[in-house]
Amino acid sequence: MDARLPAITLVTGAASGIGAAVTAALVREGGRVVAIDRDERAPFDHPAISRYRADVRDARALVDIVERAERELGAIDGLVHAAGVLSLGAICDAPDDALRDALAVNVEGLWSISRALAPRMIRRARGAIVTISSNAGSTPRVGMGAYCASKAAATMLTQCLALELAPHGIRCNVVSPGSTDTPMLRRMLDGASPSELVRGRPGAFKLGIPLGRVATPDDVAQVALFLLSERARHVTLQDVRVDGGATF
């Protein structure tokens, strides 16, 4: 195993998209993963992956999982919060619960899993936390008000947590992907080609992607692994955009 990575990392949203890519990348490097997702279906079955079915909106369930996992496996020194939801629609036309749902998963889920795990990291004086946010957390998007607001909140929550945990030797950073080829993106495109995103959408005030392609989940996962690792031992409070230059 790469000794510069945590021996055990907890990943939320581990069953698909970026969460699944982070999980697979950690296992390739010889790590063990505590994989949490509300989806019973999982794209992998590996002895180094301990799967737990839970909704990140259930704070009590997250505490129970952390307690059980550390009792059975050992100290969890890494956390990647990749669980997320996306709702589309103009702010004035969106359902009443659109913002509430986005905040519940994208922000309150992060709040709850951090509060379940960070006190244990504090006692051990070690750990690394990575939040998968979005470049939409710092760049306005048409029809994505709830998502943008929730990702902005998740980014700031992570950075505030970073300040509080730094005296204990614990680092907290954010990875902000742009358009990434995940099930969430394909639902958003609703049959349209990803090449439209590469060209940009001037009518929606959305820039294209200078590098000329949509990211893969592993593009994002590799940056998350760097931030988890000792290679980034003097990096905290940072928001790294992985969007091919779509925002700057």
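Up top is the structure.
Computed from a prediction, not measured in an experiment: that's the story for all the values here.

Definitions and cut-offs
Residues numbered from 1 in each chain as written. Predicted model: local features only at pLDDT ≥ 70, side-chain atom pairs only at ≥ 80, totals over all residues. Heavy atoms only, no water. Helix = DSSP H or I, 4+ residues; strand = E, 2+ residues; numbered from the N terminus. Rg over C-alpha atoms; globule rule 2.2 N^0.38 Å. Buried < 20%, exposed > 50% of the residue type's maximum accessible area, 1.4 Å probe, protein only. Contact = heavy atoms within 4.5 Å. Areas by Shrake-Rupley, 256 points an atom, 1.4 Å probe, with all protein chains shown as cover. Lys, Arg positive; Asp, Glu negative; His and termini not counted. Charge placed at Lys NZ, Arg CZ, Asp CG, Glu CD. Pairing = 2+ DSSP bridges. Axes fitted to C-alpha atoms, helices over the stretch in contact; angles between N-to-C directions. Parallel < 35°, antiparallel > 145°, perpendicular 65-115°, else oblique. Left-handed = near helix turned anticlockwise from the far one by under 90°. Nonpolar A, V, L, I, M, F, W, Y, C, P; charged D, E, K, R; others polar. Disulfide = S-S within 2.5 Å.

## A closer look at the overall build of the protein
Here is step 1 of the chain: Within the protein, the regular secondary structure consists of 7 helices and 7 strands.
Here is step 2 of the chain: Written out in order from the N terminus, the α and β elements of the protein read β-α-β-β-α-β-α-β-α-β-α-α-α-β.
Here is step 3 of the chain: Over its C-alpha trace the protein gives a radius of gyration of 17 Å, about what one expects of a compact globule, namely 18 Å for 248 residues.
Here is step 4 of the chain: C-alpha extents for the protein along the principal axes are approximately 50 × 40 × 35 Å.
Here is step 5 of the chain: Going through the 248 residues of the protein one by one, you find that 50% of them count as buried.
Here is step 6 of the chain: Pairs at least 24 apart in sequence give 70% of the contacts found in the protein among residues at least 6 apart.
Here is step 7 of the chain: Of the accessible surface of the protein, which amounts to about 11900 Å², a share of 54% is contributed by carbon and sulfur atoms.
Here is step 8 of the chain: Mean positive and mean negative side-chain charge positions of the protein (29 and 27 charges, respectively) differ by 4 Å.

## Some points on the sheet that holds strand S4 (residues 78-81)
Picture the strands of a sheet paired through backbone hydrogen bonds; they go either parallel or antiparallel.
Here is step 1 of the chain: Pairing within the open sheet is parallel, and its 7 strands lie in the order S3-S2-S1-S4-S5-S6-S7. In the strand order of this sheet, the two ends are held by strand S3 (49-53) and strand S7 (239-242), each with one partner. This sheet shows a mean twist of 15° between the axes of neighbouring strands, independent of strand direction.
Here is step 2 of the chain: Sheet topology places S4 next to strand S5 (residues 127-132); 4 bridges connect them, and they run parallel. Across the sheet, the residue bridging to glycine 78 is alanine 128, located in S5.
Here is step 3 of the chain: Contacts from helix H7 (residues 217-228) reach strand S1 (8-12), S4, S5, strand S6 (170-177) and S7 within the one sheet, and its direction differs from that of S6 by about 165°.

## Some points on the packing of helix H3 (residues 98-124) against helix H4 (residues 145-165)
Here is step 1 of the chain: Look at H3 against H4: their axes get within 8 Å of each other, and the N-to-C directions meet at 15°. What the angle tells us is that H3 and H4 run roughly parallel. As H3 runs across H4, the sense of the crossing is right-handed. Judged by residue contacts, Ala98, Leu99, Ala102, Leu103, Asn106, Val107, Leu110, Trp111, Ser114, Ala118 and Ile122 of H3 engage Ala146, Tyr147, Ala149, Ser150, Lys151, Ala153, Ala154, Leu157, Thr158, Leu161 and Leu165 from H4.
Here is step 2 of the chain: Classifying every residue of the contact of H3 with H4 by side-chain character gives 17 nonpolar, 4 polar and 1 charged.

## A look at the state of the cysteines
As used in these notes, a disulfide is a covalent bond between sulfur atoms, one from each of two cysteines.
Here is step 1 of the chain: All chains considered together, the criterion is met by 0 disulfides.
Here is step 2 of the chain: Its sulfur unpaired, cysteine 148 is 15 Å from the next cysteine sulfur, which belongs to cysteine 92.
Here is step 3 of the chain: On the accessibility criterion, cysteine 148 (11% relative accessible area) is buried.
Here is step 4 of the chain: Cysteine 172 provides the cysteine sulfur closest to cysteine 160, a residue in no disulfide bond, and the two sulfurs are 11 Å apart.
Here is step 5 of the chain: A relative accessible area of 36% places cysteine 160 in the partly exposed class.

## Comments concerning the packing of helix H1 (residues 17-28) against H7
Here is step 1 of the chain: One can describe the packing of H1 onto H7 by two numbers: an axis separation of 8 Å at closest approach and a directional angle of 55°. It follows that H1 is oblique to H7 by the angle criterion. When you trace H1 past H7, the crossing you get is right-handed. When H1 is examined against H7, the residues Gly17, Ile18, Ala21, Val22, Ala25, Leu26 and Arg28 are found in contact with a partner set consisting of Pro217, Asp218, Val220, Ala221, Gln222, Ala224, Leu225 and Leu228.

## Quick word on the side chain of threonine 158
Here is step 1 of the chain: For threonine 158, the position within the fold is in helix H4.
Here is step 2 of the chain: Excluding residues within four positions of it along the chain, threonine 158 makes contact with Leu110, Thr131, Cys172, Asn173 and Val174.

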